[in-house]
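Listed here are the chains, written in short residue letters.
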Amino acid sequence: MKRLPLILLCLFPLCSIAQLNGRARIDSLRAKYSSRHYNSTNDTNKVLLLISLGAAYQGIAADSGKMYFMEGFALAHDLKYIHGEGSCLIMLGSYHASDFSETIDYYFKALTAFEKGNNNRDIAWAMGSIAGVFYNIGRYGDALDYFKKARTYINKTGDKAALAGNDHSTAATYGELGNIPMLMEHENAALPYYLETGKQPAIAGAYMNLGDAYAALKDYNMALVYLFKAQRIFKTLPVSYQSANTHSDIGRTYYLAATAAQPQTRSDSLIAADRNVNLSRSLQNFEESYKQYIQLTGVPPQTLKDYSEAVAETGAYERAWKLLQQYDKQKSIALSEDIKLKVAAHEVKREAELKNRQIAINQLLAKQKKTERILFITGITLLSILVGIVLRNYKRQRKANARLEEEKKRSDTLARNLQDSLAVKDELTIHLQDSLVHKDQLAAQLELSAVMKSKFLANISHELRTPVTLLTGMLELLRENKNGSGKPGKEKLEIAYNNSRKLQNMVEEILDLSKLENTESKLNNKSKEAAPLVKRMVYAFETFIEKEGLTLNYAANDVAGLCISVDEDKFEKIINNLVYNAIKYNSKGGWISVVLSRAAHSPSVVISISNSGTPISDKDLPHIFQRFYQGNTTAKAKGAGIGLSLVKEYTLLQEGSVSVSSTAEKDTTFTLEFPLTDECDDEDRPAADDEPIADRQVWEHFPGRQTVLLVEDNTEMRYYIREVLTGNVNLAEAANGIEALKWLDSNNADLIISDIMMPEMDGRELVNRLKSNELLKKIPVITLTALADKENQIAMLRLGIDDYIVKPFNATELQTRVYNLLNNRIERLAFNGQPAEADDIPVNSKEADAFREKIAEYVLARIKNTNISVYDLAYELAISERQLYRLAKNLTGCSPAQLVKEVRLQRSHELLLTGDICKLEDVARRVGFETPAYFSRQFFDRFGKRPTDFL
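Residues numbered from 1 in each chain as written. Predicted model: local features only at pLDDT ≥ 70, side-chain atom pairs only at ≥ 80, totals over all residues. Heavy atoms only, no water.

This part is about the packing of helix H4 (residues 44–57) against helix H6 (residues 82–94). For the pair H4 and H6, interaxial distance at closest approach is 10 Å and the crossing angle is 10 degrees. Classified by the interaxial angle, the pair formed by H4 and H6 is roughly parallel. Counting all contacts with H4, which are made through Val47, Ile51 and Ala55, the residues of H6 involved are Gly84, Ser87, Cys88 and Met91. Here the residues of the contact of H4 with H6 are counted per class, giving 5 nonpolar, 2 polar and no charged. (Axes fitted to C-alpha atoms, helices over the stretch in contact; angles between N-to-C directions. Helix = DSSP H or I, 4+ residues; strand = E, 2+ residues; numbered from the N terminus. Parallel < 35°, antiparallel > 145°, perpendicular 65-115°, else oblique. Contact = heavy atoms within 4.5 Å. Nonpolar A, V, L, I, M, F, W, Y, C, P; charged D, E, K, R; others polar.)

Here the focus is a nonpolar patch on the surface. A cluster of nonpolar side chains, contributed by Phe376, Ile377 and Ile380, occupies part of the molecular surface with about 380 Å² of accessible area. Mapped onto the elements of the fold, Ile380 is located in helix H17 (residues 317–381). On the accessibility criterion, Ile380 (61% relative accessible area) is exposed. (Patch = residues over 30% accessible without salt bridge, like charges linked within 9 Å, V, L, I, M, F, W, Y side chains within 5 Å. Areas by Shrake-Rupley, 256 points an atom, 1.4 Å probe, with all protein chains shown as cover. Salt bridge = Lys/Arg side-chain N within 4 Å of Asp/Glu carboxyl O. Buried < 20%, exposed > 50% of the residue type's maximum accessible area, 1.4 Å probe, protein only.)

For the structure shown, the criterion picks out 16 aromatic pairs. Relative to Tyr226, the ring of Tyr214 has its centre 5.6 Å away and its plane inclined at 10 degrees; by these criteria the two rings are stacked. Remark: Tyr226 occurs in helix H13 (residues 220–235) and Tyr214 occurs in helix H12 (residues 200–216); sequence separation between them is 12 residues. A relative accessible area of 17% places Tyr214 in the buried class. On the basis of relative accessibility, which here comes to 14%, the residue Tyr226 falls in the buried class. A network of ring pairs unites the aromatic residues Phe929, Tyr934, Phe935, Phe939 and Phe943 as a single cluster. Its guanidinium or amino end placed over the ring of Tyr146, Lys149 lies 4.4 Å from that ring's centre, counting from NZ or CZ. Across the ring face of Tyr226, the terminal group of Lys229 is positioned such that the distance to the ring centre comes to 5.1 Å. (Phe/Tyr/Trp six-rings, centres within 6.5 Å; stacked < 30°, edge-to-face > 60°. Lys NZ or Arg CZ within 6 Å of the ring centre and 35° of its normal.)

Next up on the list: the pattern of salt bridges. As enumerated under the stated definition, the model contains 21 salt bridges in all. When the shortest N-O distance is used, the salt bridge between Asp142 and Arg139 registers 2.6 Å. Ionic pairing is found between Arg817 and Asp803, a salt bridge with its closest N-O pair at 3.0 Å. In this pair, Arg817 is assigned in helix H29 (residues 811–832) and Asp803 in strand E12 (residues 803–806), connecting sequence segments 14 residues apart.

Evaluated as defined, the whole model comprises 1 disulfide. Across the disulfide, Cys563 is cross-linked to Cys680 (sulfur-sulfur distance 1.5 Å). Every disulfide takes its handedness from the sign of the S-S torsion; for Cys563 and Cys680 that torsion is -90 degrees, giving left-handed. Here Cys563 is found in strand E3 (residues 563–566), whereas its partner Cys680 is found in the loop between strand E7 (667–677) and strand E8 (707–711), with 117 residues between them in sequence. (Disulfide = S-S within 2.5 Å.)

Moving on, we get to a positive patch on the surface. Taken together, Lys367, Arg392, Lys395, Arg396, Lys399 and Arg403 make up a surface patch of like positive charges. Here the element with the most residues in the positive patch is helix H18 (residues 386–423); it accounts for 5 residues. For Lys367, the location among the structural elements is in helix H17. (Lys, Arg positive; Asp, Glu negative; His and termini not counted. Charge placed at Lys NZ, Arg CZ, Asp CG, Glu CD.)

On to the confidence of the model for the chain, then. Across the chain, the average pLDDT comes to 77, with 75% of residues at 70 or higher. Contacts for the low-pLDDT stretch residues 1–21, under 50 throughout, to residues beyond four places or in other chains number 67 contacts. Here residues 834–838 is a poorly scored stretch, pLDDT under 50, and it has 3 contacts once near neighbours within four places are set aside; other chains count. (pLDDT = per-residue confidence, 0-100.)

Moving on: the pairing of strand E5 (residues 604–611). For E5, the tally of buried residues reaches 8 of 8 residues, placing the bulk of the element in the interior. On E5, burial covers both faces: Ser604, Val606, Ser608 and Ser610 on one face and Val605, Ile607, Ile609 and Asn611 on the other are all buried. As judged from the 7 bridges shared by strand E4 (residues 591–598) and E5, these two strands associate in the antiparallel manner. Within the sheet, the bridge partner assigned to Arg598 lies in E5 and is Val605. Linking E4 to E5, which pair antiparallel, is a turn of 5 residues. (Pairing = 2+ DSSP bridges.)

Our focus in this paragraph is H13. An α-helical turn contains 3.6 residues, so a residue and the one three or four places further along point in the same direction. The end-to-end C-alpha distance of H13, which contains 16 residues, comes to 22 Å, matching closely the 22 Å that a straight helix rising 1.5 Å per residue would cover. Buried residues of H13: Tyr220, Asn221, Ala223, Leu224, Tyr226, Leu227, Ala230, Gln231, Ile233 and Phe234, and no others. (Expected span 1.5 Å × (residues − 1).)

If a probe the size of a water molecule is rolled over the atoms, the empty space left behind becomes visible. Scanning all chains against the criterion turns up 3 cavities of 30 Å³ or more. Space inside the largest cavity adds up to approximately 40 Å³. Taken together, Glu542, Thr543, Glu546, Glu712, Asp713, Asp755 and Met757 make up the full set of residues lining the largest cavity. Of all the elements, helix H22 (residues 542–547) adds the most residues to the lining of the largest cavity, at 3 residues. Considering only residue class, the lining of the largest cavity consists of 1 nonpolar, 1 polar and 5 charged. (1 Å grid on protein atoms, 1.4 Å probe; cavity = no way out; pocket = protein on both sides within 12 Å on 5 of 7 lines; lining within 4 Å. Points joined across faces, edges and corners; volume = space filled by probe spheres on them.)

Here we take up the sheet that holds E12. Taken in spatial order, the 5 strands line up as E9-E8-E10-E11-E12 in an open sheet, and their pairing is parallel. Taken across any chain shown, the strands that pair with only one partner, and hence form the sheet edges, are strand E9 (730–734) and E12. The mean angle between the axes of side-by-side strands here comes to 20 degrees, regardless of whether they run parallel or antiparallel.

This brings us to the side chain of Gln231. On the secondary structure map, Gln231 appears in helix H13. Among residues more than four places away in sequence, those in contact with Gln231 are Thr246, His247, Ile250 and Asn285.

Here we take up the nonpolar core. Grouped together as the largest cluster of nonpolar side chains are 43 residues, with contacts concentrated most on Phe69, Ile90, Phe114 and Ile130. The set of elements that each furnish at least two residues to this core consists of helix H2 (23–33), H4, helix H5 (62–79), H6, helix H7 (100–117), helix H8 (120–136) and helix H9 (140–157). Per-element tally for this core: the top contributor is H8, with 9 residues. Each residue touching Phe69, except ones within four places of it in the same chain, is listed here: Ile51, Gly54, Ala55, Cys88, Met91, Leu92 and Tyr95. (Core = buried A, V, L, I, M, F, W, Y, C linked by side-chain atoms within 4.5 Å.)

Checked against the element boundaries, Ser308 lands in helix H16 (residues 304–313). For Ser308, the residues in contact, after removing those within four places along its chain, are Ala320, Leu323 and Leu324.

This part takes up the packing of helix H21 (residues 530–539) against helix H23 (residues 568–584). With their axes 10 Å apart at the nearest point, H21 and H23 run at an angle of 50 degrees to one another. Comparing the axis directions of H21 and H23 gives the class oblique. Along this stretch, H21 crosses H23, giving a crossing that reads as right-handed. For the pair H21 and H23, contact is made by Leu533, Val534, Arg536, Met537 and Val538 and by Glu568, Phe571, Glu572, Ile575, Asn576 and Val579, respectively. Here the residues of the contact of H21 with H23 sort into 7 nonpolar, 1 polar and 3 charged. (Left-handed = near helix turned anticlockwise from the far one by under 90°.)

Next up, the structure:
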């Protein structure tokens with residue numbers, strides 16, 4: 001559809017003033033301005049006269065017109081005449097049409113002035129002008145907003161002409177946005193006023209626009225109905241450009257109908273069933289448009305390209321080629337004329353500058369002559385000071401002559417520069433024409449990339465600005481209230497911490513994207529059983545899902561034992577991203593469904609992740625995996641358009657596929673498909689020479705089968721842990737803290753594993769009850785948590801738990817940590833059975849706590865030292881090595897060497913959780929291990945995970 005013309009709002013008499021140009025008009029206004037009344041009076045009428053003078057000069061002598069507007073603005077400002085101030089600003093803005101930033105600055109200043117006066121007509125005028133600038137620079141969304149705002153004020157005035165103009169402008173804007181229905185709605189709203197007032201050119205123009213709109217909708221019959229209406233009106237008027245344009249539009253409509261796949265053949269249709277008839281009518285109208293343009297301008301129309309295509313459709317290729325050559329020549333001439341106009345404008349501007357400078361010189365000379373006359377008359381009566389006055393006047397004359405000479409030299413230099421610029425004009429024109437030949441190709445290639453990257457930069461700037469603002473703001477509040485304390489301070493720290501985590505997540509996504517772009521992303525594929533792998537990753541979100549008031553449905557249909565080859569880290573990012581989106585783009589009371597099944601058409605596993613909530617629009621669906629793309633959404637949060645792009649690229653890297661579907665019933669489904677492998681690899685574990693201490697056969701050295709109480713409200717999670725620990729311990733189960741305490745009333749446990757988020761009594765309350773009971777306080781406790789942040793982990797450790805495991809976790813990690821705590825407990829009990837010595841310290845005393853803290857502080861202060869000896873530690877504590885060994889065993893269950901190693905390992909675990917270190921060698925060096933291999937083996941024995949799992 002061709003671009004519709006924009007008609008700006010003309011709301012005030014000032015707009016009509018701008019059209020009354022011409023020398024006669026200028027002479028009349030200048031004579032009025034020079035009259036005695038206006039020379040002696042400064043009032044609002046004089047402001048209006050200055051505006052009229054500026055408008056009259058518009059298009060004839062721009063600098064003179066601008067000068068009158070500036071004079072009018074200064075006078076209106078002195079008189080506090082708000083309407084005059086705003087009107088001058090609007091007219092000054094129109095003088096900067098080539099510099100849209102200057103224009104819109106003037107318009108916004110005018111809007112501010114008008115708003116002080118609270119005049120609806122003035123405010124609507126300024127808003128319509130601002131909308132016009134946005135329209136001209138292609139910011140159609142902003143233009144539409146300001147046209148709507150202007151309409152609000154126009155409605156208050158009841159000005160039908162202004163309403164019609166607003167509707168016509170709004171329709172044109174919708175046309176540029178491709179929204180044909182809204183274009184037609186507003187054009188049809190403007191048409192009744194034109195019909196009522198009988199403005200024939202306006203009525204015909206509206207008919208033309210409606211006809212073009214119907215043509216864009218491929219309703220060629222209705223398009224011709226409106227175009228013929230416009231043609232009948234133009235036939236009653238003198239031949240004009242619009243009449244020629246109407247013939248051209250009719251010709252193009254017939255051409256489109258002739259080349260359409262299914263032409264309209266109704267009996268009442270203006271479109272003939274015969275294709276050749278439509279082509280013939282098309283050529284007749286194109287020829288008539290051609291003749292009228294030649295008659296009016298002497299040059300062919302800009303629609304020669306459409307004309308040539310219609311001629312080519314009839315097989316007259318030679319004629320079509322000649323028309324196309326005329327079209328190319330016309331474009332070249334238009335370009336040349338544009339350049340000539342720019343050069344001419346430059347020359348006119350330069351001539352005006354020279355003329356104004358000469359006027360200034362003449363005024364200076366006139367002033368000097370007047371001064372001389374005054375001095376001469378004064379000299380008759382003041383003869384005594386005549387010599388001094390003459391000398392002073394002589395010096396002034398010399399300075400004036402010097403200034404004149406300097407101005408003359410500068411004028412000569414500018415004239416030479418102008419001649420030089422004209423000399424290179426032709427050469428620049430040739431280069432410009434050559435560059436324009438390649439411009440369209442380069443623009444087509446760069447436009448998409450520029451738009452997407454610009455959108456990405458805007459989005460990421462917006463996304464980063466919110467957490468940075470909150471983080472900085474909370475820290476600023478804390479700094480200003482540095483002596484304050486209590487809950488408000490903690491809340492500010494919580495907000496600052498959460499937003500720092502958001503920033504970290506955004507940076508991680510950007511780094512992942514950078515690795516992909518630089519081909520740095522390497523795969524570490526292993527064959528994994530699909531069902532337990534996906535289940536573990538999905539249920540890690542269980543607490544989050546419950547917190548958001550959503551329901552999780554998980555099903556694995558006929559996929560037991562099926563294995564897929566994936567990089568577990570990248571696969572986890574895929575699942576986490578899709579599940580998190582399912583939560584984010586949902587609403588309270590909604591549902592999330594994860595289904596695993598075997599593909600019917602190929603040997604592969606299908607993973608479907610669905611959710612309720614707002615569906616994805618048909619417009620956004622084709623672009624949903626496109627990098628930096630963001631559709632229109634009312635989600636609780638927005639990202640930077642990276643996540644789903646990473647999902648697709650990571651899936652394709654692992655030879656999988658991903659697709660998305662969304663229905664109007666608010667059901668959105670992402671479907672992953674990964675090819676099957678023959679068999680699964682063994683559970684991740686170290687090499688044979690690095691076998692961890694928690695191997696299956698080592699459990700047999702315990703004096704008896706150990707009893708572990710599992711407190712977990714989720715049935716499937718209890719099943720998973722039972723499968724991991726069955727055969728190694730006796731496992732008792734409870735669904736919450738209350739059931740656990742009832743079981744402990746009549747049973748003994750060697751270890752307790754407890755979830756934190758549970759109904760009736762959660763994990764925190766259970767731990768508090770255990771640690772306050774003298775009979776139960778020594779039972780080791782491991783907590784399971786989905787809250788991976790350091791603050792929550794430290795809070796649980798302060799309650800007295802012995803270890804924590806962050807969901808999701810693997811089987812080896814759980815087995816290792818359970819084994820370590822059971823083994824330490826047995827050793828401690830065995831050591832406590834020995835006779836006490838005189839200097840023994842009770843395990844739960846303040847002295848014991850101080851002893852443990854001193855050891856930790858000593859090791860942390862020298863943690864990079866690989867040779868912390870037992871002798872040095874004993875010397876620091878002022879006890880013997882034998883006492884140190886016995887106290888360490890009694891109070892911690894570890895030897896001094898084991899205790900030093902434990903402090904090193906705990907510190908390394910904290911460093912890895914921060915994510916600040918990306919090399920294994922750096923972690924080992926910072927905590928005092930001699931080799932990365934030995935550090936990796938010790939870390940695995942302690943935590944059940946390798947350090948590289950955190951990198």
